[in-house]
Amino acid sequence: MEPLIKVRDLYKIFNIGSNKVYALNGVSFDIYKGEFIAIVGTSGSGKSTCLNMLAGLEAPSKGVIQIANKRIDRMNEAQLVRFRRQNVGFIFQSYNLIPSMNAIENVAMPLMFRGIGYEERMKAAKHYMKLIGIGDQGMHMPNQMSGGQQQRVGIARALVIDPQIIFADEPTGNLDSHTTDDVLDLMKKIVSEEQRTMVMVTHDPHIASWADRQLKVVDGHIVETVINESSPIEIKIKEENGEPPFCVVTPIN
Amino acid sequence: MRLCDLFKLALSNLKRRKTRTFLTILGVVIGTASIVVMVSLGLGMSQMMLKSYQDEGSLTMIRVYESYERSDSNDRNKQLTELTDDNVERFKAIDHVIEVSPSLDVSVSAKCNGAEGDFTIRGVSQYYLSQLKLREGGEIPKKDQSELSLIYGNQILYNSFYKSKTYESAEIDPEKDTVFLTFPTSSYSDKKNNSDSESETVKKQKKYILPISGIISGGRDDWSENSYSAYADIDSLKRFLRKLYKKALVPNPRTTKNGKAYTYYVYDTIYVFVDDMNNVKDVQKQLADMGFSVNSNMEWLESAQQQLGMVQMVLGGIGGVSLLVAAIGIMNTMMMSIYERTKEIGVMKVLGCDMSDIRNMFLFESGIIGLMGGIAGLFISYLISFFINFLTSDSGGESVSMFIGYTDGGSLSYIPLWLAAFAIIFAIAVGSIAGYVPAVRAMKLSPLAAIRNE
């Protein structure tokens, strides 16, 4: 089984004044298709930076990121935008729906960027909204919806382009605990049923425990990797490859 | 991204900030209106001038005179530049010349109703006569009519006659009153028979009554090139003069070295008619090169229009300044809009919106501001133009005809279709250019802005 995402020796160095700050200090790991990965860490640990670089929003200082056999660390901005448009769904912490559009238009927006016609993209948007369980809210404006509902719209928007990978940046950060469970349940269901790959960033170990595999990040290093042994995809990977997914772990000194 | 989607997106973004969009558009409205009104004033002035020149005389006509600079050089040249029938034929051969009319002038004294006056009778071709605008009921003299009949210039009626005792100017009506004409005495006498010339002197006192065939249109206050003379068919005039002056042909004939009168006509002026206003200059130059002295109304019009062109540029510049201010307004609005929407732009970039699409979306927004401002500005320009014309027209009652078109008084402000089209396209262009820098800035915004949580 070939990994979908390969990260090797990835660094991100910020120059703040004359100081060099290592946000990411050489991480290497693989992610397979169908996995639900949680990158866990406190704020400032480098988890968000890692996600941003995987999604091509930030350029790495050093290292290799290969997604579906493409070196995204070598792409320019226009190529990255095209790559995201074809392959990547994104779920935001603060939902980031466009306030001037209603729910269904928000869901259909990524398809509009692809140049797909109105009828076709509305059809696709309706399909995914129904799948997420908000099929009746298409005409609502974002400010008429609760946080949970808005995040569901956000999830539908991430799914609508039929992406290879979904990135989620603290998707439940603005939700209460009950809604958090609902949303996580939904995300997990989609990953397993639709055979998606999801990379989620969170600071909350409890939320991270929903994932198939957790990568714990401290000070720019992966310090621990936790595999949910009962997860079917992890069992499958182990069966096929004879070993758990590749990940360089640097224990805390 | 599809164009229609881009357009809808831009439009919905503008709708979100109605007041601000409205105010920005208002700036463009004022800018466009001031340019259009200023240019329309320039155009109106230029048109009024053109019309006044046209009223005065044909713009496609060139007057040809004998050149006096050359006349004393030698006899051969003199021959060539005399205005003879041969030269009339030569002029006809020039490209773009449609007609040539010689003008045979005879000054006459006249008496009518106890008033005296002088004017010139000009014998001209049928074509020239057909160009004259006559009062109703008048008709131009026929080429082959036996009798000499006259068309009176409208100013002869009001300005050429005076009471013989008081020298007060007098008005005559040749249609009702009889005009007695006295033709001048011949300055030429055949040396062989002096006695004959005596008898001719007696003859010259004879008064003639010539029938009137028409009056040039226009009243007391209308002047044109043709207002001060009487016109007759040249062939009829020649026949008539032949009876009076015999071999001399005209009252003051030129003579050869041995004192004989010329046996052909030498005209005072030849009128050359050109097919189009734009060819006048060209033909005029050819005639001048042939050694004639020439002038045309077109020449005067051109120099006057050059001056007016300067005025137009100044007026347009004043309008341009206000559009420049509007452009800065658009730029400001777009910048504000980009700062407000930084996060939204970031989200769009994260979700895979092309950089060029983001730029185009902002260009569309500023372009739409330009378009709406242009259309509204044009509409207001038409209103202002209407009011200017209403206020400057001779009487407000004529204002209705302003809608229909050109009135006799002319309109001070004139907005042709090309100006309207130009104004709208220009407004869109200004909008897009003003929006370009903000649009590029939006395009270059980092998608990371979407991730940050404030």
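What follows deals with the sheet that holds strand β5 (residues 70-71) of chain A. Residue and element names in this part refer to chain A. Strand order in the open sheet formed by 4 strands is β2-β1-β4-β5, with antiparallel pairing between adjacent strands. Strands at the two margins of the open sheet, each flanked by one partner only, are β2 (19-31) and β5. Looking at chain direction, strand β4 (residues 62-67) and β5 are connected through 2 bridges and run antiparallel. Its bridge partner being in β5, Q66 is matched across the sheet by R71.

This part takes up the domain arrangement of chain B. Each assigned domain of chain B is listed with its residue range as follows: domain 1 (3-55 + 304-450) and domain 2 (101-275). Relative placement of domain 1 of chain B and domain 2 of chain B: their C-alpha centres are 60 Å apart.

We now examine the interface of chain B and chain A. By a widely used convention, the size of an interface equals the accessible area lost when the partners come together. Residue-level contacts link 22 residues of chain B with 21 residues of chain A. Secondary structure elements with two or more residues in the side of chain B that touches chain A: α1 (3-16), α12 (342-350) and α13 (355-392) of chain B. Ranked by the residues each element gives to the side of chain B that touches chain A, the list is headed by α12(B), at 5 residues. Its residues placed into classes, the side of chain B that touches chain A shows 10 nonpolar, 4 polar and 8 charged.

All names here are of chain A. Contact geometry of helix α5 (residues 147-159) with helix α6 (residues 177-194) gives a least axis separation of 10 Å together with a crossing angle of 15°. Classified by the angle between their axes, α5 and α6 sit roughly parallel to one another. Our pair here, α5 against α6, has a crossing hand that is right-handed. In this structure, α5 contributes G147, G148, Q151, I155 and L159 to the contact, and α6 contributes T179, D182, V183, L186, M187 and I190. Across the contact of α5 with α6, the residue classes tally to 6 nonpolar, 4 polar and 1 charged.

This part takes up helix α3 (residues 103-113) of chain A. Judged by how many residues are buried, α3(A) sits mostly within the fold: 11 of 11 residues are covered. Those residues of α3(A) that fall on the buried side of the exposure criterion are A103(A), I104(A), E105(A), N106(A), V107(A), A108(A), M109(A), P110(A), L111(A), M112(A) and F113(A). Tucked inside the fold, the buried residues of α3(A) contact α2 (77-87), α4 (118-132) and α5 of chain A together with α1 and α13 of chain B. Positive backbone phi, at 85°, marks G115(A), one or two positions downstream of α3(A).

Thresholds, definitions, all that
- Residues numbered from 1 in each chain as written.
- Chains lettered and ligands numbered in written order.
- Predicted model: local features only at pLDDT ≥ 70, side-chain atom pairs only at ≥ 80, totals over all residues.
- Pairing = 2+ DSSP bridges.
- Helix = DSSP H or I, 4+ residues; strand = E, 2+ residues; numbered from the N terminus.
- Domains from an automatic or database assignment.
- Contact = placed C-beta atoms within 7 Å.
- Nonpolar A, V, L, I, M, F, W, Y, C, P; charged D, E, K, R; others polar.
- Axes fitted to C-alpha atoms, helices over the stretch in contact; angles between N-to-C directions.
- Parallel < 35°, antiparallel > 145°, perpendicular 65-115°, else oblique.
- Left-handed = near helix turned anticlockwise from the far one by under 90°.
- Buried ≥ 20, exposed ≤ 12 C-beta atoms within 10 Å, placed from the backbone.

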